[in-house]
Amino acid sequence: MTTELETTIHALCDSLSQLWSLDLFKVDYLISPEWPKKAVTEAEETATRLPVTGRLIRGLPGVKFTFSQESDLEYSILNLLRCSNEAPKSYHHEQIQGSLTEVQRNISNFAKIILGHDRLIYRSLKESIGLKIGSFNDFIEWKASWENETTYPSWIYFSSIQKILTKQLITAGFNPNSRQDFSSWELVKEGTVNVLKELELLNEDFYEVRIFFNGPIVDLSEDVPLVDLSIANRDVRVFLGYAPDDLLTPLSNDGRPTSWRCEPVIGVEKINTVARYKVKISAEDNENSYTKEYYYASYAARLILDSLRLCRPIDDIGIIAIEIHPLSLFAPPIPKTYGYAFDYQPYMAPYIPKRFDFSPASAVPLNKEELESVSREILLRLPSDTPKNKKIEYAIKRFRNSIERYSPDDPERLIEYAIALETIYLNDNGTERTELTYRLRLRAARFLKENYEDRDKLFKLIGDLYSFRSTVAHGGDISISAEKDQEKLRNILKEIPSVLAESILKIMNEHYEEHNTKALLFWRKIELQ
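Please read these numbers as outputs of a predicted model, since none were measured by experiment. (Residues numbered from 1 in each chain as written. Predicted model: local features only at pLDDT ≥ 70, side-chain atom pairs only at ≥ 80, totals over all residues. Heavy atoms only, no water.)

(A) Main features of the environment of T2. Residue position: T2 is located in the segment before α1 (3-20). It is 47 Å that separates the C-alpha atoms of T2 and T273, two residues lying 271 residues apart in sequence. Not counting chain neighbours up to four residues away, the residues in contact with T2 comprise I113 and H117. A polar side-chain atom of T2 sits 3.2 Å from the main-chain amide nitrogen of L5. (Helix = DSSP H or I, 4+ residues; strand = E, 2+ residues; numbered from the N terminus. Contact = heavy atoms within 4.5 Å. Polar contact = N/O pair within 3.5 Å; in protein donor to acceptor, adjacent residues only side chain to side chain.)

(B) Examining the sheet that holds strand β3 (residues 204-213) more closely. Reading across from one edge, β4-β5-β6-β3-β7 is the order of the five strands in this open sheet, with antiparallel pairing throughout. Each end of this open sheet is capped by a strand with a single partner; those strands are β4 (224-231) and β7 (319-326). Taking each pair of neighbouring strands and ignoring which way they run, the sheet shows an average axis angle of 25°. Pairing of β3 with β7, which is carried by seven bridges, proceeds in the antiparallel orientation. (Pairing = 2+ DSSP bridges. Axes fitted to C-alpha atoms, helices over the stretch in contact; angles between N-to-C directions.)

(C) Region of the structure containing the nonpolar core. Within the largest apolar cluster, 56 residues are counted, with the highest numbers of intra-cluster contacts made by F212, Y425 and I504. The biggest single contributor to this core is helix α17 (residues 483-510), with eleven residues. Among the nonpolar cores identified, the runner-up in size contains 43 residues, and F110, I121, W185 and L196 belong to it. (Core = buried A, V, L, I, M, F, W, Y, C linked by side-chain atoms within 4.5 Å. Buried < 20%, exposed > 50% of the residue type's maximum accessible area, 1.4 Å probe, protein only.)

(D) Region of interest: helix α14 (residues 413-425). Here α14 spans 19 Å end to end across 13 residues, near enough to the 18 Å set by a 1.5 Å rise per residue. For α14, the tally of buried residues reaches eleven of 13 residues, placing the bulk of the element in the interior. Where α14 is concerned, the buried positions are R413, L414, E416, Y417, A418, I419, A420, L421, T423, I424 and Y425. (Expected span 1.5 Å × (residues − 1).)

(E) Geometry of the pattern of salt bridges. Using the criterion set out here, one finds 31 salt bridges in the structure. Of the charged contacts in the structure, one is a salt bridge between E293 and R234, with a shortest N-O distance of 2.9 Å. In this pair, E293 is assigned in helix α11 (residues 293-311) and R234 in strand β5 (residues 234-242), connecting sequence segments 59 residues apart. When its relative accessible area of 2% is taken as the criterion, E293 is described as buried. The network of salt bridges with common partners includes E208, R210, D223 and R276. (Salt bridge = Lys/Arg side-chain N within 4 Å of Asp/Glu carboxyl O.)

(F) How the structure looks around the packing of aromatic side chains. Applying the stated criterion to the full structure yields 16 aromatic pairs. Their ring planes at 75° and their centres at 5.5 Å tell us that Y122 and F136 sit as a pair that is edge-to-face. In this pair, Y122 sits in helix α4 (residues 118-129) while F136 sits in helix α5 (residues 136-144), placing the two residues 14 residues apart along the sequence. Residues Y122 and F136 agree in their burial class; the two are buried. Through a chain of ring-to-ring contacts, the aromatic side chains of W20, F174, F182 and W185 assemble into a single cluster. Over the face of the ring belonging to F459 we find R441, whose NZ or CZ atom lies 3.9 Å from the ring centre. Above the plane of the ring of F447 lies K506, whose end atom (NZ or CZ) is 4.7 Å from the centre. (Phe/Tyr/Trp six-rings, centres within 6.5 Å; stacked < 30°, edge-to-face > 60°. Lys NZ or Arg CZ within 6 Å of the ring centre and 35° of its normal.)

(G) View of the pairing of β3. The buried count for β3 comes to eight of ten residues, which makes it a mostly enclosed element. Relative to strand β6 (residues 273-282), β3 runs antiparallel, the two sharing ten bridges. Opposite R210, over in β6, you have R276 as the bridge partner.

(H) Broad picture of the pairing of β4. The sheet contact formed by β4 and β5 spans seven bridges and is antiparallel. Within β5, the position partnered with I231 by the bridge is R234. Between β4 and the antiparallel strand that follows it, β5, lie two residues; A232 among them carries a positive phi value of about 55°.

(I) Structural detail: a nonpolar patch on the surface. Together, L202, F206 and L327 make up an exposed nonpolar region whose accessible area comes to about 230 Å². Here F206 is to be found in strand β3. Looking at F206, the relative accessible area reads 33%, which means it is partly exposed. (Patch = residues over 30% accessible without salt bridge, like charges linked within 9 Å, V, L, I, M, F, W, Y side chains within 5 Å. Areas by Shrake-Rupley, 256 points an atom, 1.4 Å probe, with all protein chains shown as cover.)

(J) Focus on the side chain of T273. Structurally, T273 is set in strand β6. With relative accessibility at 0%, the residue T273 sits in the buried group. A polar atom in the side chain of T273 sits 2.4 Å from the backbone oxygen of P216. Excluding residues within four positions of it along the chain, T273 makes contact with I211, F212, F213, G215, P216, I217, V218, L240, G241 and A243.

(K) Representation of unusual backbone geometry in the model. The omega torsion of the bond from G215 to P216 falls at 0°, within 30 degrees of zero and hence cis. Note that P216 resides in the loop between β3 and β4. Phi angles above zero are rare outside glycine, and A232 is one such case at about 55°. Among the secondary structure elements, A232 is positioned in the loop between β4 and β5. At N233, a position not held by glycine, the phi torsion is positive, near 65°. Along the chain, N233 falls in the loop between β4 and β5.

Put into structure tokens, the structure is as follows:
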């Protein structure tokens, strides 16, 4: 960083100080008045609180969730800076005209001088434009082709350091309401210069991947390590915990620029749980290195979600949103492109057969054993030397479809349940295929239950499932069946998810390889034991 640029930053701060010391200078309009919207969770008298941390469970009665439009200190300072970047007008007082002219001159000088700092301008433009603009080498070639001294107006370059100035002003104790009394501008100058020096040497952008669920609840004061994953040849540690309000604030517009969409994500008021991990990307890479992060995040999200659902098969658990949040000051936002993570973007609902809104979370928090189970199931499904059990993976897919394509009381879920059970219990292709339903019922009862009474109950339950499944599959209307049958149907929809989850988990934890490679012998032993 050159002395000339450092001197220009000092002069810019001096001109802002002079302008803001004038009582005649008024900030009488707001820029982007809809921003920011802060997430706020409030409790009514009837609200249920978690026993350990006392936190609220969003989505349950007595808990109110809103996005407040109240401004904060950071926004007020940003607005003050933006209003200071105005060309003097004839209606301005003479003192205001002089101060605005000086600010404009220093902004123009900054824009010219920063052009000699390739790494700074590369990162500055990423921030100003709002997206990654190719690799650093691409930028150098592009810059060499510029015909004029500067391709962009000077305010673009000024906007690139507004975040830095804002952070430094906050650190120095600046208050917009008493700006005339602020006397720590030297700290602001020094801090701004130091940040730019660090930025010029910074070779990586840092992000946090956040996967938001409606549940299940984690009632612990700190996030817990869930699993270690290798994603794109990088080792990351995934944490699971309660989602505080500050993590939900960016979801006021689905984590995208406000100009793209202003509505919050579907179901954001039911978010309680978040899985998080941190990643870093070479700052000199092209945009492909950035956009693929949503693909990797989707992979991790599906593993975690499947394991949570297997752990809590009765709960209606779903992913409400995925966000990749920049942690570095000038890390460019990563867009949710249609090619990556579209399975978890609610605004895609009209185009893909998927449910994005899920029921409120259960008030029962995850216990230690359940958290360990979730971690274990994720690890079992990671790539390894053991051949993947494709039948179990397909059963999990059908289990997933039963949740994501149908509401909890939709009888068409029965078809997905039946296919999943067949995939698990009738995987011995090439053997005798007669009386398939009977054999499935027998195998499930013997595999899951220890005594005659429990086996008989499960045998009958799966028989009832297949009776209704046959009606649904052949276009029958079971909504007009007798009340006795309706009660039986409600019991199936309640009990079968647990049967299916228990079947998958027991095979994964105890018989994964045997079920995969020795299916005939495995089921023969179960049938004849």
